[in-house]
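Here is what each chain is made of, one letter per residue.
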Amino acid sequence: MAAPEEQELSQAQTEKLLQFQDLTGLESMDQCRRTLEQHNWNIEAAVQDRLNEQEGVPSVFNPPPSRPLQGLLGWSYYLIMLPFRFTYYTLLDIFRFALRFIRPDPRGRVTDPVGDVVTFIRNFEEKYGQSHPVFYQGTYSQALNDAKRELRYLLVYLHGEDHQDTDEFCRSTLCTEEVITFLNTRMLFWACSTSKPEGYRVSQALRENTYPFLAMIMLKDRKMTVVGRLEGLIQPEELINQLNFIMEANQTYLTSERLEREERNQTQVLRQQQDEAYLASLRADQEKERKKREEQEQRRQEEEKVRQSALAEERRRRTLEEEKERKSECLPPEPLADDPESVKIVFKLPNDTRVERRFLFGQSLTVIHDFLFSLKETPEKFQIVTNFPRRVLPCLPTEEQPNPPTLKEAGLSRSEVLFVQDLTDD
């Protein structure tokens, strides 16, 4: 008995074959074709049967048992045709790969996701009216992030425009008052048409089987998870019951997430308060340390100032002593008492001590000043004053009188008493 020959696939069958492989993820093109042939190329029935098989549900297709002879002939035919089948499906895979580049699905490129959602909402209102649940006006990712941040349920509705049950679902279920009230008060509601790139992208992620399609998503185990899927036409009361059931079944997870988040927030607030207290203490310590350093620096500067002042005073004192010694060494010798040109002068110092010395009439008053300057008891700055009439002797040179007068020119007699006045404070 000859086995039937391989039949060449039509373009429609090839497209269904590629679509079935995309939806099921099967790598074997031969297996994809056999499954479609078993379901008379009904792609929805084939996909559903494949999903049931993955979930452990018995296949709806039970092929009749073959007789031993037919099985032997079938295996013989399979082995003979294996090289040809391998070549055929290899070429088919290459064709499929090339087809994706030649005719890419225009919905695969999402360029304006928000625009896709807004356009869907506008078209929905034009067709079904303004009375509908509040649509989330943002991208699917934004809706997920908001639901995660607010710890709310997110209900996703994928709108299949060409499906036979879409209009009835929208008019008789989605836009009814009880469904609108339920959705608006219990969850976020995001929707988009699968004919739009943003809706198609979400459709590829959620892998719906038929329309109308609803998916309930929530934060579970710290990730956004689909916890419920509703597919096909459903009445308002049943929709609410199904959603309530899903929410009640997962409420403990949401409550746990809220408690855990509250605990994290409290821990974060406590840590922030501790950090602020630590920073305040650190700033106080730093301020104390800064003041301490400033005080130490001030004391150091004052001590340095005192030290420098003492050094300056010591240098001044030494310089003064050296100057006194030099003046003393430069003084002319004291004349004899019987020298007719000698002048006896008694000096009264500021400390009430008396000093006596003889000078010559022809000597300059500068000699008198140098003599007094060389004495240890004499202040650093002083002037010499006569008693009566009181006058200050011009002992030092000035611009008006660069050469001080002699004792005789100053009008001194052979015996004088002169007073030394301290000018140091002046």
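Residues numbered from 1 in each chain as written. Predicted model: local features only at pLDDT ≥ 70, side-chain atom pairs only at ≥ 80, totals over all residues. Heavy atoms only, no water.

(A) Representation of the environment of Q363 in the model. Inspection of the secondary structure puts Q363 in the loop between β6 (354-360) and α11 (365-374). For Q363, a relative accessible area of 13% gives the class buried. Note: C-alpha distance between Q363 and P332 (31 residues apart in sequence) is 9.3 Å. Sequence-distant contacts of Q363, defined by excluding residues within four places in its chain, comprise P332, T406 and L407. (Helix = DSSP H or I, 4+ residues; strand = E, 2+ residues; numbered from the N terminus. Buried < 20%, exposed > 50% of the residue type's maximum accessible area, 1.4 Å probe, protein only. Contact = heavy atoms within 4.5 Å.)

(B) Structural view of the side chain of D116. You can see D116 is positioned in helix α5 (residues 113-128). Here D116 sits buried without a salt bridge, and the closest side chain of opposite charge, K196, lies 5.7 Å off (N-O distance). When residues no more than four places from it in sequence are discounted, the contact partners of D116 are C192, K196, P197 and E198. (Lys, Arg positive; Asp, Glu negative; His and termini not counted. Salt bridge = Lys/Arg side-chain N within 4 Å of Asp/Glu carboxyl O.)

(C) Inspection of the pairing of β6 at higher detail. Of the two faces of β6, only the one carrying V355, R357 and F359 is buried; R354, E356, R358 and L360 on the other face are not. In this structure, strand β5 (residues 342-348) lies alongside β6, joined through 7 bridges in antiparallel fashion. From the neighbouring strand, K344 faces β6, where its bridge partner is R358. Once β5 ends, the chain turns through 5 residues before running back antiparallel as β6, passing D352 with a positive phi of about 70°. (Pairing = 2+ DSSP bridges.)

(D) Geometry of the sheet that holds strand β3 (residues 213-220). Pairing is mixed in the open sheet, where 4 strands are placed in the order β2-β1-β3-β4. Strands with a single pairing partner mark the edges of an open sheet, and in this sheet they are β2 (187-193) and β4 (223-231). Shown here is a sheet whose adjacent strand axes are inclined to one another by a mean of 25°, direction ignored. Here strand β1 (residues 153-159) runs beside β2; their pairing, made up of 7 bridges, is parallel. Its bridge partner lying in β2, Y157 is registered against A191. Of the strands in this sheet, β1, β2, β3 and β4 are in contact with helix α10 (residues 236-330), which crosses β3 at around 15°. (Axes fitted to C-alpha atoms, helices over the stretch in contact; angles between N-to-C directions.)

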